[in-house]
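# Remarks on the overall topology
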Amino acid sequence: MNFKSIDLKAYKNDPLQRKKAASKVGSWIFKAFRIFFLLSVGYIIIYPLLSMISYSLISRVDLYDPSIVWVPKHFTASNYTVAVEAMGYFKALWNTVYKCVFSALLEVASCSLVAYGLARFKFKENGLLFGIVLLTAIVPVQVYIIPSYLNYRFFELGGVIPFINDNIVGPIGGWFGNPELAIPTNLINSPLAFYLPALFGVGIRSGLFIFIYRQFFLGLPKELEEASWIDGAGPFKTFLRVVIPSSGVVFLTVTIFAIIWYWNDYYQSIMFFNQDFPLAVSLNGITGVLQGMGYAYEKSLGPTMAGCLLFIAPMLLMYAILQKQFIASIDRVGIVG
Amino acid sequence: MAKLGKKRRVRGIESKKSLYGRMFVLPWEIGIILFFLVPIGQSIWYSFTEVWLDPIEGITTYFTGLENFKYILNEDPKFVDNLTTSLTNFTYSLPIIVIVSFIFAVVLNQKFKGRVLFRSLYFLPVIIATGVVMEFLTQSVGGNQNPIIQLSTDASNAYVSGGIDFEGVLNSLNFPAEITELMAKYINMIFNLLWDCGVQIVLFIAGLQTIPEQLYEVSKVEGATSWEEFWYITLPMVSNTLLLVIIYTIIDLLTKTTDPVMTQAYNLMNMNQNYYHSSAMMWMFFAIVGVITAAVLFLYNRICARRWN
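Residues numbered from 1 in each chain as written. Chains lettered and ligands numbered in written order. Predicted model: local features only at pLDDT ≥ 70, side-chain atom pairs only at ≥ 80, totals over all residues. Heavy atoms only, no water.

### Re the nonpolar core
Judged by nonpolar contacts, the single largest core of 173 residues is most densely connected at Met52(A), Ile212(A), Phe217(A), Trp28(B) and Tyr122(B). Mapped onto the domain boundaries, this core takes at least three residues apiece from domain 1 (15-76) and domain 2 (86-336) of chain A. Look past the residues within four positions of Tyr122(B) in its chain and what remains in contact with it is Phe37(A), Leu38(A), Val41(A), Gly42(A), Ile45(A), Phe104(B), Leu108(B), Gly198(B) and Ile201(B). (Core = buried A, V, L, I, M, F, W, Y, C linked by side-chain atoms within 4.5 Å. Buried < 20%, exposed > 50% of the residue type's maximum accessible area, 1.4 Å probe, protein only. Domains from an automatic or database assignment. Contact = heavy atoms within 4.5 Å.)

What follows is the structure, given as structure tokens:
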């Protein structure tokens, strides 16, 4: 009696085992297809970055050599030094950090509060306010940039600030021997033109951020907050101690978007500042500067691409750092659900 | 008496809660009044008036009622065309973007080797596509043909499609010329849409990550197929994110600077200093965008929210 062969036959014909084997093959096919799919589309996405790197490293001699496609024969870093000089890179980088990144962080905080109010509390004008949130998301800043320029140029709150200056701040300044003391009414060229809207939750793309937060807060289970209410914590304490720790993913998402969109903002920076421009403005003007430095036409290709890379490099770095946090915060999500 | 007291207490908590809600929203309301409503109101007002800019007297406006709207609809040679083009592009782009980005998000959310790498890769469009760098990629650099992109024949559309010459590939297959051209156009358009998917993918991934793992474990124990898992766990749990992505995509597609209607309005405003017609165009367009958004919200509340929540 060949016990083994019978066993094997039965094993092979067992529907469960057959299903298992089939699903194993299926999962291999699926995995191979997944990698193929991700790589092929990824190629389209990474192509501009790779060609930017290639063109930024290529020396001018190699640019005319048709045998060179991706890897130059003569590497050169001179494009980067030229780009750093043309953009005033380090100064512009500092301007970007203290104007744009700081505003972005203010916005991350202020929008979360508004969204929490809209998502968790029922009051009469809730729906109307949500409509206004969507309106701020729909209307692009270009539409109202000129009226808001005038608004910042003469930031008087309908005469309130001049009144305070004349009757309160001025006399106080007078006592201390400085009668010129006043609250500034011209916010053009001041980082306040970025900080104030961000602080009040109406900065760049704030409508969208409020909407993102709101949708995520709606999905949070209410039980933890109710427990915290019963324990006697107020709404703000509940928000700080319960809601923020359990919504790490959305806070990180909004932080990443806010920093990137402030970093990429060109339109408002060029309107509201006359000097100390952030990186986006200096990158936008790089062609003109390069021409002035004698790098016209095809000579400007290398430095321009180097400039683009220098512009996106800090954002990539930030994403790489926050990505790790992202993965760490996922583990915490489980606690909530 | 006791009943009455209880009722009053309940109402007390409710009114307290609405007070708290208003406290959370108050700073934003101030911001809206200071930084948004005044400029917006001015822009809306311009669309009902005729505006002159004078270096000495400043801005003069003259109320003309609906004249501007009548002009752009009946007499402007391009507005209605641009509006239809814009809405047609929008109609086919919206489902493609939402579905494609959802598929990518689901795949990128799976656990496999190199997932962090791929996620960073698929994040690149968010960094590049919203800024100055994209302009350098889609324009000629220093007066030369940009080596990175293909400029299509009409030169107004730039395709960032990996330097692959689809038209050449299709030509070598010996199809009739019209079909080749059309196919190349649509393939390039789909690749261009990829660049609009970055934000949506990130939002979907974030939404997928908030689904607690236990739900899937339970469904496995209960013997659900992955198809059922998708329909009864994944989709309901990301429904909030889905609404978010759809509305973001609507707004992003319609109000980006490359949209035909927006381009026309910006050109009128910046080059011809024509604030009244451009404002009328924009506000009419925003009204349409608002109606589409409201319709999506309404449908979502009617169909999805009832089934899933």
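Anyway, onward from the coordinates.
### So, a nonpolar patch on the surface
A cluster of nonpolar side chains, contributed by Tyr43(A), Leu50(A), Ile53(A), Trp70(A), Val71(A) and Phe75(A), occupies part of the molecular surface with about 570 Å² of accessible area. If you trace the backbone, Leu50(A) turns up in helix α2 (residues 15-57). (Patch = residues over 30% accessible without salt bridge, like charges linked within 9 Å, V, L, I, M, F, W, Y side chains within 5 Å. Areas by Shrake-Rupley, 256 points an atom, 1.4 Å probe, with all protein chains shown as cover. Salt bridge = Lys/Arg side-chain N within 4 Å of Asp/Glu carboxyl O. Helix = DSSP H or I, 4+ residues; strand = E, 2+ residues; numbered from the N terminus.)

### Focus: the interface of chain A and chain B
Every contact between the two is made by 100 residues of chain A and, on the other side, 90 residues of chain B. Summed over both partners, the interface of chain A with chain B buries about 8,600 Å², with 80% contributed by carbon and sulfur atoms. Salt-bridge contacts for Glu125(A) lead to Arg22(B); the nearest nitrogen and oxygen are separated by 2.7 Å. Applying the counting rule to chain A against chain B returns 9 residue pairs in polar contact (both at pLDDT 80 or more). At 18 residues, α2(A) tops the list of elements feeding residues into the side of chain A that touches chain B. The residue makeup of the side of chain A that touches chain B, split by class, is 75 nonpolar, 19 polar and 6 charged. (Buried area = accessible area lost by both parts, 1.4 Å probe. Polar contact = N/O pair within 3.5 Å; in protein donor to acceptor, adjacent residues only side chain to side chain. Nonpolar A, V, L, I, M, F, W, Y, C, P; charged D, E, K, R; others polar.)

### What about the pattern of salt bridges?
Tallied over the full model, the rule gives 6 salt bridges over all chains. In this structure, Arg120(A) and Glu225(A) form a salt bridge, with 2.9 Å as the shortest nitrogen-oxygen distance. Highlighted residues: Arg120(A) in helix α5 (residues 89-120) and Glu225(A) in helix α11 (residues 223-230), separated in sequence by 105 residues. Considered together, Arg120(A) and Glu225(A) belong to a single accessibility category, that of buried residues. Between Lys111(B) and Glu213(B) there is a salt bridge, with the nearest N and O atoms lying 3.7 Å from each other. Here Lys111(B) is found in the loop between α3 (79-109) and α4 (115-129), whereas its partner Glu213(B) is found in helix α9 (residues 213-221), with 102 residues between them in sequence. For Glu213(B), a relative accessible area of 45% translates into the label partly exposed.

### Remarks on the domain arrangement of chain A
All names here are of chain A. Domain annotation for chain A reports domain 1 (15-76) and domain 2 (86-336). Each of domain 1 and domain 2 has a C-alpha centre, and these two points are 36 Å apart. Across the boundary between the two partners, domain 1 contributes 8 residues, which contact 10 residues of domain 2. Interface area for domain 1 against domain 2, summed over the two sides, is near 790 Å², with a carbon-plus-sulfur share of 79%. Summed over the three residues of domain 1 that lose the most area to domain 2, namely Met52, Tyr55 and Arg60, the buried surface amounts to 54% of that side. At the boundary of domain 1 with domain 2, the tally comes to 0 salt bridges.

### Points about the packing of aromatic side chains
Counted under the stated rule, the structure contains 41 aromatic pairs over all chains. Each ring, one from Tyr152(A) and one from Phe272(A), has its centre 4.7 Å from the other, and the planes form 80°; the classification is edge-to-face. Residue Tyr152(A) is found in helix α7 (residues 145-153), and its partner Phe272(A) is found in helix α14 (residues 267-272); the two are separated by 120 residues along the sequence. On the basis of relative accessibility, which here comes to 5%, the residue Tyr152(A) falls in the buried class. Here Phe272(A) falls in the buried class, since its relative accessible area comes to 1%. Three or more aromatic residues joined by ring pairs make a cluster, and in this case those are Tyr116(A), Phe121(A), Tyr213(A), Phe217(A), Trp229(A), Phe236(A), Phe239(A), Phe251(A), Tyr20(B) and Phe24(B). The lysine or arginine in question, Arg214(A), covers the ring of Phe130(A), its NZ or CZ lying 3.8 Å from the ring centre. Sitting above the plane of the Trp229(A) ring, Lys17(B) keeps its charged end 5.3 Å from the centroid. (Phe/Tyr/Trp six-rings, centres within 6.5 Å; stacked < 30°, edge-to-face > 60°. Lys NZ or Arg CZ within 6 Å of the ring centre and 35° of its normal.)

### Points about the packing of helix α13 (residues 248-264) of chain A against α4(B)
For the pair α13(A) and α4(B), interaxial distance at closest approach is 9 Å and the crossing angle is 40°. Our classification of the angle between α13(A) and α4(B) gives oblique. On the side of α13(A), the interface is formed by Ile256(A), Phe257(A), Ile260(A) and Asn264(A), while α4(B) contributes Phe123(B), Val126(B) and Ile127(B). The residue inventory of the contact of α13(A) with α4(B), partitioned by class, reads 6 nonpolar, 1 polar and no charged. (Axes fitted to C-alpha atoms, helices over the stretch in contact; angles between N-to-C directions. Parallel < 35°, antiparallel > 145°, perpendicular 65-115°, else oblique.)

### Topic: the environment of Leu196(A)
With respect to the helices and strands, the residue Leu196(A) is situated in helix α9 (residues 192-199). Apart from residues no more than four positions distant in its own chain, Leu196(A) is found in contact with Phe155(A), Leu187(A) and Phe35(B).

### A look at helix α12 (residues 235-246) of chain A
Side chains of residues three or four places apart in an α-helix project in the same direction, reflecting 3.6 residues per turn. Residue and element names in this part refer to chain A. An ideal rise of 1.5 Å per residue puts 16 Å on 12 residues; α12 measures up with 15 Å between its terminal C-alpha atoms. Burial in α12 covers these residues: Pro235, Thr238, Phe239, Val242, Val243 and Ser246. Burial along α12 is one-sided: seen end-on, the buried residues are contained in an arc of 125°. Across α12 from its buried face, at more than 90 degrees, point the exposed residues Leu240 and Arg241. (Expected span 1.5 Å × (residues − 1). Arc of directions from axis to C-beta.)

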